[in-house]
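# Structural features, examined
This is what each chain is made of:
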Amino acid sequence: MSIPAAALRVVRPVVASPGGVAAAGADYVVVDRVRKVYNEGSRQQVEAVAPSSFAIKAGEFVALLGPSGCGKSTLLMMIAGLDAPSQGTIGVAGHALTQPRAETGIMFQDPTLLPWKSALDNVLFPFLAAKRAVGPADGPTRARAATLLDQVGLGGFHHHKPRQLSGGMRQRVAICRALVYEPDLLLMDEPFSALDAITRDEMNLVLMKMWEEHHRTALFVTHSIREAVYLADRVLVMSRRPGRIIEDIRIPFARPRGLEIGETVEFNEICGHLRGKIQHTPQ
Ligand SMILES: Nc1ncnc2c1ncn2[C@@H]1O[C@H](COP(=O)(O)OP(=O)(O)OP(=O)(O)O)[C@@H](O)[C@H]1O
Ligand SMILES: [Mg+2]
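Anyway, here's the lowdown on the structure attached to this text. (Residues numbered from 1 in each chain as written. Chains lettered and ligands numbered in written order. Predicted model: local features only at pLDDT ≥ 70, side-chain atom pairs only at ≥ 80, totals over all residues.)

### Overview of unusual backbone geometry
Under the convention used in this document: Elements are defined by DSSP. Helices are runs of H or I of four residues or more, strands are runs of E of two residues or more, and each kind is numbered from the N terminus. For every residue, the other C-beta atoms within 10 Å of its own C-beta are counted; 20 or more classify it as buried, 12 or fewer as exposed, and values in between as partly exposed. C-beta atoms are placed from the backbone.
A cis amide bond links Arg 241 to the next residue, Pro 242, at an omega of -5 degrees. Here Pro 242 lies in the loop between β9 (234-238) and β10 (245-250). The omega angle of the peptide bond from Arg 255 to Pro 256 is 0 degrees, so this bond is cis rather than trans. Along the chain, Pro 256 falls in the loop between β10 and α9 (265-279). Not every positive phi belongs to a glycine, and Ala 93 is a case in point at roughly 55 degrees. By the C-beta count within 10 Å, which is 24 here, Ala 93 ends up buried.

Now the structure itself:
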C-alpha cells in the first residue's frame, strides 16, 4: 500500500530518544479525517465512525469516552493498525500507518492469557509469538518481565497459572504483557470493565503507577466517566454512531494522583460536564 501524501503532510516527524520514548509535546498519533464504513456498498452498510480528526501528543494519556456502539473500538482498532480506515489517514510516530506495529502495546477487556503458561511466560508471550528467543540465555528480557510483575504487585506469583489468579491479578499480567515489548504507544479497550468496583479502583492505581514509571503515549477507551477523568490528561467524547469527536477537554489534576481526587468538587464538576455531553450527544 502506498503512503498517502496527505498523511505525510499532517504527521510531523517525532524524534525518539534511545529508550524509544518520543520527545514530549510532539504529536505522536495523528488521526486525520478518519471515517469507517463496514460492509460498504452492501445492504448491511454501517457507518461506524464519521470523519474524525485529533492528535495525541507524545507521552500524553488520552481517554476516549462515548455511548455504546459509537465506534470507540473501531477507532482504537484502526490506530492499532488492525483495521483500515475507509477514508482518511492515521500517522503514528511520524509514519503513516499501513499495518500493525510491534511498538504498539494493546490491552482488551479480556486478558486472554494462555491457561497452560505461568504468569511470567504469559508476560513473555509477545516474544514467543514473534519467535524471538526467550530462554535462559535471554536473561534481560526475562528479568524485565519479572520486574514488571513485581511492579504490579505480583512478586510472589511469577509461576502461578492463570486459573490460580483472580480477575484483577490476570489483568495485572495483561498490563505487564502489554509493556514488556517497551511499547511507545499503549492502546487499551475497556480493560477493567469486567472487574468489580473495588478491583477496578485498584487497577486504576496500578495502571497510573505503571504509566508514571514508563510514561508511554496512551489511548484508553472506557464507558466510565470517573475512570476517564481519574486516569487521563485529556478526555475526548464521541457522539452516537456514526461517532465523531464532540468534546476534547484537558484534565487539570497534578500527578501523581490518588483516588481521593475523586472526592473533590472540581473532579465532580468535570464528570458532570462530561455526563451532560454524553447524555445530550447529537445523533
Ligand atoms: N466487523 C464489523 N462489521 C460490521 N459492523 C461492525 C463491525 N464492528 C463493529 N461494527 C458496528 O460498528 C458500530 C461501532 O462499533 P464499535 O464496536 O466500534 O462500538 P463501541 O463504541 O466500541 O461500542 P461499545 O462501547 O459497546 O464497546 C456498531 O454499530 C457495530 O455494530
Ligand atoms: Mg467497544
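### Side note on the environment of Pro 183
Here Pro 183 lies in the loop between α6 (167-179) and β7 (185-189). Judged by local crowding, Pro 183 falls into the buried class, with 21 C-beta atoms found within 10 Å. For the pair Pro 183 and Ala 218, spaced 35 residues apart in sequence, the C-alpha separation works out to 10.0 Å.

### Quick notes on the sheet that holds strand β8 (residues 217-222)
Adjacent strands of a sheet form backbone hydrogen bonds with each other and so pair up, either parallel or antiparallel. Filter applied, for reference: Between any two strands, at least two bridges found by DSSP are needed for them to pair. Axis definition: a line fit to C-alpha positions, over the contact stretch in the case of helices; interaxial angles, taken between N-to-C directions, run 0 to 180 degrees. Contact definition: two residues whose C-beta atoms, as placed from backbone geometry, lie within 7 Å.
Spatially, β6-β7-β8-β3-β9-β10 is the arrangement adopted by the six strands of the open sheet, whose pairing is mixed. This sheet does not close on itself; its edge strands, each paired only once, are β6 (104-107) and β10. With direction set aside, neighbouring strand axes in the sheet form an average angle of 15 degrees. Across four bridges, the pairing between β6 and β7 is parallel. In the sheet register, Met 107 faces β7, and the bridge partner there is Met 188. With respect to the sheet, helix α2 (residues 72-79) is in contact with β3 (61-65), β7, β8 and β9, its orientation differing from that of β8 by roughly 155 degrees.

Fair warning: the whole summary comes from geometry, so function is off the table for now.
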